[in-house]
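Each chain, letter by letter, is given below.
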Amino acid sequence: MANFETPELKEYPVIPVIQNDVMAHSKPYMAAAKFQESLGFPGELVENWQAKAIEKMGDLLGKSRALQVFLDSCVKCGACTDKCHYFLGTSDPKNMPVARQDLLRKVYRRYFTFAGKYFPKLVGAVDLTKDVLDDWYSYFHQCSQCRRCSVFCPYGIDTAEISMAAREILDHVGEGQKYCNEIIAKVHVIGNNLGLPGPALRDTLEGLEEDVKEATGVDVRFPMDEKGAEVLLVTPSADFFAEPHVDGLIGYGKVFHASGVSWTVSSFASEAANFGMFIGSYDQMQKLAFRIREAALDLGVKRIVVGECGHAWRVAYSFWNTLAGIGQGGKDPFSIQLQKQLDPRFPVPQHICEMTYDLIQRGALTLDKSANDDRVVTFHDSCNVARASRMGSMPRGQFIIPRAVIKASCNHYVDMDPDTIHENTFCCGGGGGLLTDDLMELRVKGAMPRMQALKHVVDEHGVNTLAAICAICKTQFAKVLPYYKYKMSMITSVHELVSKAIVLGDKQ
Ligand code: SF4
Ligand code: SF4
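Remember, it's a predicted structure, so these values are computed and weren't measured experimentally. For every chain, the first residue of the written sequence is number 1, and numbering continues from 1 along that sequence. Written order determines the labels here, with chains lettered from A and ligands numbered from 1. Local features in this predicted model are restricted to residues whose pLDDT is 70 or higher, and side-chain atom pairs enter the listing and the counts only when it is 80 or higher, whereas totals over whole chains, interfaces and linings include all residues. Hydrogens and water molecules were not included; the side-chain quantities draw on all heavy atoms of the structure.

The definition of a nonpolar core used throughout is a set of buried Ala, Val, Leu, Ile, Met, Phe, Trp, Tyr and Cys residues joined through side-chain atoms within 4.5 Å. When a residue's accessible area, from a 1.4 Å probe over protein chains only, is under 20% of the maximum for its type it is buried; when over 50% it is exposed; and in between it is partly exposed. In terms of nonpolar packing, the biggest core is built from 166 residues, with W136 and L454 touching the most fellow members. In this structure, L454 is in contact with T378, M416, V463, L466, L481, Y486 and M490, ignoring residues within four places of it in sequence. Any two residues whose heavy atoms approach within 4.5 Å at even a single point are treated as in contact.

As a further point, take the pattern of salt bridges. A carboxyl oxygen of Asp or Glu within 4 Å of a side-chain nitrogen of Lys or Arg is what we treat as a salt bridge. Enumeration according to the criterion identifies 31 salt bridges in this entry. Here E161 and R314 are joined by a salt bridge, their closest N and O atoms 3.9 Å apart. Of this pair, E161 sits in helix 9 (residues 159–173) while R314 sits in helix 14 (residues 310–324); the two residues are 153 residues apart in sequence, bridging distant segments of the chain. Among the ionic contacts, a cluster of salt bridges with common partners joins K56, D59, K63 and E168. Strands are runs of DSSP state E lasting at least 2 residues, helices are runs of H or I lasting at least 4, and numbering of each runs from the N terminus.

Here we take up the side chain of H380. With respect to the helices and strands, the residue H380 is situated in the loop between strand 5 (377–379) and helix 17 (383–386). Given the relative accessible area of 0%, H380 is considered buried. Not counting residues within four places of it along the chain, the set of residues in contact with H380 comprises M416, T425, F426, C427, C428, R450, L466, A467, A468, C473 and F477.

Once that is clear, we can look at the environment of C84. For C84, the location among the structural elements is in the loop between helix 3 (65–73) and helix 4 (85–90). In the structure, C84 is positioned 12 residues away from M96 in sequence and 6.4 Å away in space, judged by C-alpha atoms. Here C84 is in contact with N95, P97 and R100, once residues within four sequence places are set aside.

Turning to the packing of helix 2 (residues 49–63) against helix 9, a few remarks are in order. To obtain an axis, a line is fitted to C-alpha atoms, over the contacting stretch when the element is a helix, and the angle between two such axes runs from 0 to 180 degrees between their N-to-C directions. Packing of helix 2 against helix 9 brings their axes to within 9 Å, and their N-to-C directions diverge by 140°. Compared by their axis directions, helix 2 and helix 9 come out oblique. Of the two elements, helix 2 crosses helix 9, and the hand of that crossing is right-handed. Residues W49, K52, A53, K56, M57 and L60 of helix 2 pack against A165, E168, I169, H172 and V173 of helix 9. Just so you know how the angles are binned, under 35 degrees is roughly parallel, over 145 roughly antiparallel, 65 to 115 roughly perpendicular, and the rest oblique. Left-handed describes a crossing in which the near helix is turned anticlockwise from the far one by less than a right angle; the clockwise case is right-handed.

What follows concerns the environment of D247. With respect to the helices and strands, the residue D247 is situated in helix 12 (residues 245–259). Using a relative accessible area of 21% as the deciding quantity, one classes D247 as partly exposed. Between the C-alpha atom of D247 and that of V414, which follows or precedes it by 167 residues, the distance is 22 Å. Sequence-distant contacts of D247, defined by excluding residues within four places in its chain, comprise H495, E496 and S499.

In this section: helix 3. Where helix 3 is concerned, the buried positions are L67, F70, L71 and S73. Of the surrounding secondary structure, the elements contacted by the buried residues of helix 3 are helix 2, helix 5 (97–112) and helix 9.

A cutoff of 4 Å decides nearness: a residue is near a molecule or strand if any of its heavy atoms lies inside that distance of it. Every residue close to ligand 1 is listed here: C84, H85, Y86, P97, R100, C143, S144, C146, R147, C149 and T159. Secondary structure elements with two or more residues in the shell around ligand 1: helix 4 and helix 5. For the shell around ligand 1, the residue count by class is 6 nonpolar, 3 polar and 2 charged. The residue classification treats Ala, Val, Leu, Ile, Met, Phe, Trp, Tyr, Cys and Pro as nonpolar and Asp, Glu, Lys and Arg as charged. All others, Gly included, are polar.

Ring pairs shown here join Phe, Tyr and Trp side chains whose ring centres sit within 6.5 Å, with only the six-membered ring taken for Trp; geometry is labelled stacked below 30 degrees between planes, edge-to-face above 60, and tilted in between. Enumeration over the complete set of coordinates arrives at 9 aromatic pairs. Measuring from centroid to centroid gives 5.7 Å for W313 and Y317, while their planes differ by 45°, and the two rings are tilted. Linking W313 with Y317, this pair stays in helix 14, spanning 4 residues, or about one helical turn. Residue classification places W313 among the buried positions, given a relative accessible area of 0%. An aromatic cluster of at least three residues, connected via ring pairs, comprises Y179, F275 and F278. A positively charged side chain is recorded as over a ring if its NZ (Lys) or CZ (Arg) lies within 6 Å of the ring centre. The angle to the ring normal must also be within 35 degrees. Sitting over the ring of F152, K83 keeps its end group 5.1 Å from the ring centre. R148 extends its terminal NZ or CZ atom over the ring of F426, reaching a point 3.7 Å from the ring centre.

Any functional reading would require information beyond the geometric quantities listed.
Structure (structure tokens):
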């Protein structure tokens, strides 16, 4: 375990006494030059970095009216100050959302407002110095872009957008983050975050078929690159091997099997995650999403279903249509061809929970809840699903559907405190491109508010299972639960619960 103290879990939430700059040392490793350059960014800090950064800021302000409104409209009311899990877990005042925003806002004022140009001290405007740039690198990598603060801001200011802009500027002057940029580079070449080539993926899927056959006696298929399949499943690559993710993938396979829907994954687009969002780059987000469009066209599928992944669902739900022409909006020939190919009776994209929920509603699945009678389950709403997208056709479907799937699969379910779920959910502490071991202190401390809410339901209701529908949340919880004296096996895929409960037929 690393050299820092795990926060104490209190009975009630307590706003910490501030400790200035206590997390100033926290920063992720920078990306190596070859990865930076492969994404079109400078390999290291450029000589004229200050001019380039201001120029990029101007470019972003020109493209995003929202960014300028967010930078102009804060009235320092303070409503957001105690809403960030990283402030609550670290006590560093620069982790208050308003203070984080101000790191960029002060520079924006200096170079882009009349008052800041001529009376900088009066309006808190500052020059972009190397110290300021260093603060950006540190504190914009202490924001998981979870958007919780924006729920409480009377002006709806979205700190996540400001963090994304700051990271985009950092990339353009040569200070990209290793974890995100190396992963993006891998997807461009190999098709997934893990760098798992097609033959290895095929071996993994065949291994799953053998495992399921041994456990159930049933031939459940995990197909790859099968032309003419009805569904293309795009899922986070962690689902192919990590725990507890892979048990979720087994659950998806069983749902497809039980419902008789043919499906396939693609070796070319074997990744739902899209880290282009974390670095604020629409360019990268688009390039990564184009792989999925190409795979869908190549395989001739009728539907695209997205596996359990929070930010991937946000990218799919909110950006696939407009950025990559996967949906009804695209006007280029590939988009039009895909529109003709996809079955209009199903949403594009469709979440795996939405698909399973729909099958349950129609009585197409048989679920034996008693198979999960050893579990008392609670559910962690993942930020990008809860606050940045929807699911299904009903309002608040993103909260209703996963819970309905869980409740159809087990007898014992309890929610955590209302202030910590649904749109108020606390981040797991590892989202937004921060799921890297060089940020372990931040991840553990940032998980504190979620762990505190978990402790209440563990103590009061005997909860022993924390279910989630996000690959990053699952990996983060597997890592941080032991810091808070909980077993890492508490964290579970929602479709693992489905997998245990689903009745596939008699064993042979
Ligand atoms: S978006 Fe989330 S992580 Fe970022 S400042 Fe707001 S609450 Fe904190
Ligand atoms: S809640 Fe909104 S307006 Fe108030 S301080 Fe925070 S960002 Fe500014």
